[in-house]
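Now for the letters of each chain:
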Amino acid sequence: MQMEQTDVLVIGAGPAGTVAGAIVNKAGYKVKVVEKMKFPRFVIGESLLPRCMEALEEAGLLDSVLKMGFQRKTGAKFVRDGVICDYSFSDQFTDGWNHAYQVTRADFDKALADGLEAQGVPVEYETTVTAIRFNEDGSSVTTLTDGNGNEKQIEARFIIDGSGYGRVIPRLFGLDKPSNLAPRKALFVHTNDVNRQMDDEPDRITVIVHKPDVWVWVIPFATGVTSVGFVGDPAFFEKYTGTPEEQLRAAIADEPYIAERMKGVEYLWEPKILQSWSSTTEKFYGNGFVLTGNVTEFLDPVFSSGVTLATVSSQIAGKLVVRHLKGEPVDWDKDYTEVMMQGVNTFRSYVMGWYDTTLHTIFFAKDQNPDIKKMICSVLAGYVWDTSNPYVKEHDTALHKLAKTIRLRDSIEYINNGFK
Ligand code: FAD
């Protein structure tokens, strides 16, 4: 069988794989990316966060993205019963990017992969990893199958697994672990949004509280197309029957904030359904490999954290792999797992706070404290590693304390107003 050699084999050409590949290549090592699909290919995850832009910049992939002319995203708008809470990334606690982009992922991921190839890294499409054998020194032999069913092998000093929902190494080596988040379902489509609101869109995404545990995303793209999706408890969707399009049209008709706007708009494809995506793994690294992006842990789409966690994990892991290849000692627990868990756990507190409605109490409160709003805005911008932000450092308690204060204040006001 044909045997190729490389320093680093990257599995997957999504945001995680391309950022990691670029960072290792920049340090002068030979990198090879293998990707199961032919690009462009569909994947969900269309709303980026400002922190993600820093990872793309360090990977030298920013220009490839900017030249695509994607819709600039300056914030996120949350809506409940017609009450609006607007977060603007230019008004945040952490020093950083004040915008990101709303992207069609097929085009975004292709731009990243093309940008990586332009840096001299080969990306082999329609090539699937089917088996990996690790040697004692951490080097490995990976078996690949191409689009014609032909097998070949590649020898690598190190593997970066950025295979996303494919979860290659966790699946091959039994590392998958269930998430502590409840299973959720999503039903979504791209529409030709002819009635788009031009007054407060398209430069931000909208998240609508449809029911306490069901929400809707509205993500406008630069092309006039808008992505719309319902997310929530799988039981919520049971009342809608028929084709996915019939189900989504009925659900949208039940949501006053978008019912009129989306009435009769064309669906560009049959709505897609995804379910039970949250997952994690026993460990984020091992002898001869590191996991980055969705393979480590994916939580929930509500705060658009997926691509940011994917690119930042690769930004960090890529640099650690370079140190490892140089023969320098790497403390993977401290410098990778703990750092990543800091970010993941901050987002986890916010995701849980969203579904238990703590964050609804905060987002839709009257007279919000502007300083606290800036701190929360930085989390929503993806700056979940800035522990000088109390709403990052004390993510597991700060939101509950704040919501309690708001509820108490509202109760006192209610009493003072004679229970009105
Ligand atoms: P991926 O983008 O999945 O890329 C992995 C690549 O690996 C794929 O191209 C795949 O083909 C390839 N691969 C898989 N198996 C193999 C194999 N055996 N051999 C070779 N290649 C392989 N995130 C956001 O940031 N914003 C959002 O608005 C958002 N919305 C979401 C909505 C929903 C309903 C869901 C479920 C997720 C959402 N996400 C969002 C999360 C986002 O989809 C992921 O976090 C993101 O795509 C992760 O990037 P990645 O590079 O890790 O993996």
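Let's shift gears to unusual backbone geometry. In this structure, the amide linkage connecting Phe39 to the following residue, Pro40, adopts the cis form with an omega of 0 degrees. Relative to the helices and strands, Pro40 is located in the loop between strand E2 (31-34) and helix H2 (50-58). The phi angle at Asp81 is positive, at roughly 45 degrees, despite the residue not being glycine. Structurally, the position occupied by Asp81 is in the loop between strand E4 (75-80) and strand E5 (83-88).

Here the focus is the confidence of the model for the protein chain. Detailed reading of the predicted model is not advised wherever pLDDT is low. Considering every residue of the protein chain, the mean pLDDT works out to 96; 99% of them sit at 70 or more. Reported for the predicted complex are a pTM of 0.97 and an ipTM of 0.99.

Right, let's get into the packing of aromatic side chains. If you walk through the whole model with that rule in mind, you get 24 aromatic pairs. Relative to Phe188, the ring of Phe42 lies with its centre 6.3 Å away and its plane at 15 degrees, an arrangement referred to as stacked. Residue Phe42 is located in the loop between E2 and H2, and its partner Phe188 is located in strand E12 (residues 185-192); the two are separated by 146 residues in the primary sequence. According to the relative accessible area criterion, Phe42 is partly exposed, its value standing at 34%.

Turning our attention to the packing of helix H9 (residues 332-355) against helix H13 (residues 395-416). It is the contact of H9 with H13, at a shortest axis distance of 9 Å, that shows an interaxial angle of 25 degrees. One way to sum up the angle between H9 and H13 is to call them roughly parallel. The chirality of how H9 crosses H13 is right-handed. Every residue of H13 that contacts H9 at Asn345, Thr346, Ser349 and Tyr350 is listed here: His395, Asp396 and Leu399. Residue classes in the contact of H9 with H13 are distributed as two nonpolar, four polar and one charged.

On to the site of the ligand. Taken together, 37 residues lie around the ligand, and Glu35, Ile44, Tyr165, Asn294 and Val307 are the ones closest in. The separation between an oxygen atom of the ligand and a polar side-chain atom of Arg105 is 2.9 Å. A distance of 3.4 Å is found between an oxygen atom of the ligand and a backbone nitrogen or oxygen belonging to Gly306. About the coverage of the ligand: the protein hides 96% of its 1,000 Å² of free accessible area. At the level of secondary structure, the elements contributing two or more residues to the shell around the ligand comprise helix H1 (15-26), strand E8 (127-134) and helix H8 (306-325). Looking at the shell around the ligand residue by residue, the class counts come to 18 nonpolar, 14 polar and five charged.

So, about the sheet that holds strand E11 (residues 176-178). In a beta sheet, neighbouring strands pair by backbone hydrogen bonds and run either parallel or antiparallel. A sheet is described by the order of its strands in space; here three strands give the open sequence E11-E17-E20, paired in antiparallel fashion. Lying at the two open borders of the sheet, with one neighbouring strand each, are E11 and strand E20 (297-298). When E11 meets strand E17 (residues 279-281), the two strands line up antiparallel, connected through three bridges. In the sheet register, Pro178 faces E17, and the bridge partner there is Ser279.

The next subject is the packing of H8 against H9. Packed helix pairs are characterised by how far apart their axes lie and by the angle those axes make with each other. As a packed pair, H8 and H9 sit with axes 11 Å apart at the nearest point and diverge in direction by 175 degrees. In this view, H8 runs roughly antiparallel relative to H9, as classed from their interaxial angle. In contact with Leu309, Ser313, Ile316, Ala317, Leu320, Val321, Arg323 and His324 of H8, H9 contributes Trp332, Asp335, Tyr336, Val339, Met340, Gly343, Val344 and Phe347. Residue composition of the contact of H8 with H9, grouped by class: eleven nonpolar, three polar and two charged.

So, about the sheet that holds E4. Spatial ordering of the open sheet is given by E5-E4-E13-E14-E15-E12-E16, a layout of seven strands whose pairing is mixed. In this open sheet, the two strands that pair with only one neighbour each are E5 and strand E16 (272-275). Recorded for the sheet is a direction-independent mean angle of 20 degrees between the axes of neighbouring strands. Direction of pairing for E12 relative to E16: antiparallel, over a ladder of four bridges. Note on E16: the bridge partner recorded for Ala186 is Leu274. Packing against the sheet, helix H6 (residues 244-253) makes contact with E12, strand E13 (205-211), strand E15 (225-232) and E16, and its axis sits at approximately 85 degrees to E12.

Before going further, it helps to spend a moment on H8. An ideal rise of 1.5 Å per residue puts 28 Å on 20 residues; H8 measures up with 28 Å between its terminal C-alpha atoms. For H8, the buried fraction is high: 17 of the 20 residues fall into the buried class. Looking at the residues trailing H8, positive phi occurs at Gly327, about 90 degrees.

Another point: a nonpolar patch on the surface. Taken together, the side chains of Tyr414, Ile415 and Phe419 present a nonpolar region at the surface, about 340 Å² in accessible area. As for its placement among the helices and strands, Phe419 is situated in the segment after H13. On the basis of relative accessibility, which here comes to 57%, the residue Phe419 falls in the exposed class.

About the criteria used
Residues numbered from 1 in each chain as written. Predicted model: local features only at pLDDT ≥ 70, side-chain atom pairs only at ≥ 80, totals over all residues. Heavy atoms only, no water. Helix = DSSP H or I, 4+ residues; strand = E, 2+ residues; numbered from the N terminus. pLDDT = per-residue confidence, 0-100. Phe/Tyr/Trp six-rings, centres within 6.5 Å; stacked < 30°, edge-to-face > 60°. Buried < 20%, exposed > 50% of the residue type's maximum accessible area, 1.4 Å probe, protein only. Axes fitted to C-alpha atoms, helices over the stretch in contact; angles between N-to-C directions. Parallel < 35°, antiparallel > 145°, perpendicular 65-115°, else oblique. Left-handed = near helix turned anticlockwise from the far one by under 90°. Contact = heavy atoms within 4.5 Å. Nonpolar A, V, L, I, M, F, W, Y, C, P; charged D, E, K, R; others polar. Near = heavy atom within 4 Å. Polar contact = N/O pair within 3.5 Å; in protein donor to acceptor, adjacent residues only side chain to side chain. Areas by Shrake-Rupley, 256 points an atom, 1.4 Å probe, with all protein chains shown as cover. Pairing = 2+ DSSP bridges. Expected span 1.5 Å × (residues − 1). Patch = residues over 30% accessible without salt bridge, like charges linked within 9 Å, V, L, I, M, F, W, Y side chains within 5 Å. Salt bridge = Lys/Arg side-chain N within 4 Å of Asp/Glu carboxyl O.

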